[in-house]
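# An overview of the molecular structure
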Amino acid sequence: MDPKVIEGLKSIVGPNYVISDPEGVKPYLLDETSKNICPEPFLDVVVVKPKNTEEVSKVMKFAYNNEIPVVPRGGGTGLAGGVVPIKPSIILSLERIKEKIEVDKGNLTMTCDAGVTLGEILEHLEKNIEDLWFPLHPGDEGATIGGLAACNAGGARAVKYGVMRNYVAGMTVVLPTGEVLRLGGKMVKNVTGYNLMHLLIGSEGTLGIITEVTFRLRPKPWGTYTLVVPYEDPNKAIETVPPILRSGVIPLAIEYIEKEGIEAGEKATGEKWPVKEGQAFLMIVLEGMSEEELLSMSEKVAEICQGHGATDIFLADTRRQQERILKIRSLIYEGLKDETVEILDVGVPIASIAEFVNESRKIGEKYGMKIVQYGHAGDGNVHQHPLKTGFKEEEWREFYPDLKKEIFALARRLGGTLTAEHGIGLIKREDLLSYLSEEEIRLMKGIKSLFDPKNLLNPGKVVVL
Ligand SMILES: Cc1cc2nc3c(=O)[nH]c(=O)nc-3n(C[C@H](O)[C@H](O)[C@H](O)COP(=O)(O)OP(=O)(O)OC[C@H]3O[C@@H](n4cnc5c(N)ncnc54)[C@H](O)[C@@H]3O)c2cc1C
């Protein structure tokens, strides 16, 4: 990196907050995307860590005037290579922008600096606020609120509460030119012109840098119960999801998990799943305002599951039991990581989820590749881990692109989308270009060039190279 650039950045944020040596920048080059499919990062980079919106604005003005690409980086938990530099770049880490963490009880909102992590938000609410909570759990707890908004993250609780887009009420954004915008606020309704804030949500760091987010909170429930429901026939498990959703009970989460997923979660945690038999499971989390309400919901859901082929019902009502189950579910990703080619997160309409899971299994069988499927069945977003176990690298690399194309074609046929929550980032740009219509691409490129006329903000991600 040009020494003048390094010196220019040091003059803005101070010498301690600029990293330019190759060892020091290494932890900033990648995210959690599988290395099997993520292109190698460009190494000619400098990391800058501004402390507030004003410093971000100065860094952006400097980059704009000197025509240097900028890659925004939050917690680095993304699964689409969104933080991976593909040109000589300034990596702008938001890790120091985390002073503000404020709850406004009157408006049921919380306002946080962009670098505050999901874990810190949950801890703050747990310790300080008795009656309100943030009902989403939209990612790894190391993800930042800026990253969650930038990715429009979803998570298991979308069944009942939706995704980040439904929660973000306001934000502060720095544009590629260095201009600062305050979008939205704490109001509930707002139709004053085109909604620029909603363009920023899900823009994956390509339109502006989010430095502060105001988001909604909800009344805290009395408690939760978790049902673990085994099935011998995986199709029956997944076919139970729409009847549950039609029953009038809206669970906090309905997760579908195949046996291999449970085994991977057990391996990663050292914990034991509470039910022994079963080829596939539903994990259904219910929340209620009283014990009676939870019991009545549990009975209703259990009845539906039994009527659709469940072989047993396990009810976890203590916090400890539920945490153990959730831990196994959360660490399936860790347990499968080494054998996984990549994580696919296709989303389909709820009525098609059984067909999607079933047909995907057949696609895997056709190529001789095991695809472990688990995740957010309640909102049509079952994740897929195609495993490379038993193949030489050159073997799976040869057929895998065709297998993936077949899965995406299946999603399209079922009226679905190629990514429901992990985003396009660097790794799905080509897929997006062939998935959307020419007109959609033209409009998206037009929006990008309006916000970022020199294409300096996170180049190569989403729609523009
Ligand atoms: C174990 C695990 C579980 C996960 N579970 C889920 C899940 O259930 N649901 C889900 O949706 N995702 C999930 N994720 C993915 C990930 O947690 C989310 O995508 C999250 O939103 C990324 O936040 P981050 O702060 O880590 O962003 P990063 O990885 O740092 O960045 C992601 C993208 O956002 C941009 N960005 C980051 N911060 C900003 C900012 N302040 N302003 C502008 N752009 C910014 C980056 O440039 C990049 O393009 C999971 C990941 C892991 C590893």
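Preceding this section is the structure that the text describes.
Now for a quick tour of the structure. (Residues numbered from 1 in each chain as written. Predicted model: local features only at pLDDT ≥ 70, side-chain atom pairs only at ≥ 80, totals over all residues. Heavy atoms only, no water.)

What follows covers the site of the ligand. Around the ligand, 35 residues are found, and the nearest of them are Pro72, Gly74, Thr77, Gly78 and Thr144. Backbone polar atom of glycine 74 to an oxygen atom of the ligand: 2.8 Å apart, as the coordinates give it. Contact distances for the ligand include 2.7 Å between an oxygen atom and a side-chain N or O atom of threonine 144. Calculation on the ligand without its partners gives an accessible area of 970 Å², and the protein chains cover 94% of this total. No other element matches helix α5 (residues 145–150), which puts four residues into the shell around the ligand. Among the domains, domain 1 (3–93) and domain 2 (101–219) are the pair contributing at least three residues each to the shell around the ligand. (Near = heavy atom within 4 Å. Polar contact = N/O pair within 3.5 Å; in protein donor to acceptor, adjacent residues only side chain to side chain. Areas by Shrake-Rupley, 256 points an atom, 1.4 Å probe, with all protein chains shown as cover. Helix = DSSP H or I, 4+ residues; strand = E, 2+ residues; numbered from the N terminus. Domains from an automatic or database assignment.)

Let us look at the pattern of salt bridges. The final tally for this structure, using the stated rule, is 28 salt bridges. Arginine 361 is the salt-bridge partner of glutamate 258, the closest N and O atoms lying 3.7 Å from each other. A residue pair is termed long-range when its members are at least 10 positions apart, and glutamate 258 in strand β13 (residues 253–258) and arginine 361 in helix α14 (residues 353–367) qualify at 103 residues. Residues glutamate 258 and arginine 361 agree in their burial class; the two are buried. Each member of the salt-bridge network shares a partner with another, and the members are Glu32, Glu334 and Lys337. (Salt bridge = Lys/Arg side-chain N within 4 Å of Asp/Glu carboxyl O. Buried < 20%, exposed > 50% of the residue type's maximum accessible area, 1.4 Å probe, protein only.)

Let us look at the layout of surface pockets. Picture a little ball the size of a water molecule; that probe, rolled over the atoms, points out where space is still empty. Quantified by volume, the second largest pocket comes out at close to 750 Å³. In terms of lining, the second largest pocket is formed by 27 residues, of which the most central are Gly202, Glu204, Ile424, Met444 and Val462. Elements supplying a minimum of two residues to the lining of the second largest pocket: α7 (196–200), α16 (429–435) and α17 (438–451). The leading source of residues in the lining of the second largest pocket is α17, at three residues. Across the lining of the second largest pocket, the residue classes tally to 15 nonpolar, eight polar and four charged. (1 Å grid on protein atoms, 1.4 Å probe; cavity = no way out; pocket = protein on both sides within 12 Å on 5 of 7 lines; lining within 4 Å. Points joined across faces, edges and corners; volume = space filled by probe spheres on them. Nonpolar A, V, L, I, M, F, W, Y, C, P; charged D, E, K, R; others polar.)

Burial of nonpolar side chains together is a common tendency in soluble globular proteins. Phe134, Met171, Phe215 and Trp273 are the most contacted members of the largest nonpolar core, which has 56 residues in total. The greatest single-element share of this core, amounting to four residues, is contributed by α5. Those residues in contact with phenylalanine 215 that lie beyond four places of it in its chain are Leu108, Thr109, Met110, Cys112, Ile121, Phe134, Ile145, Tyr167, Val168 and Ala169. With 52 residues, the next largest nonpolar core counts Val241, Val346, Ile371 and Ala411 among its residues. (Core = buried A, V, L, I, M, F, W, Y, C linked by side-chain atoms within 4.5 Å. Contact = heavy atoms within 4.5 Å.)

Another aspect to go through is unusual backbone geometry. Within the chain, leucine 108 stands out as a residue other than glycine whose phi angle is a positive 50 degrees. When you line up the elements, leucine 108 lands in the loop between β5 (101–104) and β6 (109–113).

By the definition in use, this model includes seven aromatic pairs. For the ring pair phenylalanine 134 and phenylalanine 215, a centre distance of 5.0 Å and an interplane angle of 65 degrees mean the geometry is edge-to-face. Within this pair, whereas phenylalanine 134 is found in the loop between β7 (132–133) and α5, its partner phenylalanine 215 is found in strand β10 (residues 209–216), the two being separated by 81 residues in sequence. Each ring, one from phenylalanine 391 and one from phenylalanine 399, has its centre 5.1 Å from the other, and the planes form 65 degrees; the classification is edge-to-face. For phenylalanine 399, a relative accessible area of 15% translates into the label buried. Through a chain of ring-to-ring contacts, the aromatic side chains of Phe134, Tyr167 and Phe215 assemble into a single cluster. Looking at arginine 96, its charged tip hangs above the ring of tyrosine 17, at a distance of 3.3 Å from the centre. (Phe/Tyr/Trp six-rings, centres within 6.5 Å; stacked < 30°, edge-to-face > 60°. Lys NZ or Arg CZ within 6 Å of the ring centre and 35° of its normal.)

Quick look at the side chain of threonine 33 now. For threonine 33, the location among the structural elements is in the loop between α2 (22–25) and β2 (45–48). With relative accessibility at 6%, the residue threonine 33 sits in the buried group. A distance of 2.7 Å separates the side chain of threonine 33 from the backbone nitrogen of glycine 81, its partner in a polar contact. Apart from residues lying up to four places away in sequence, threonine 33 is in contact with Cys38, Gly78, Leu79, Ala80, Gly81 and Ile427.

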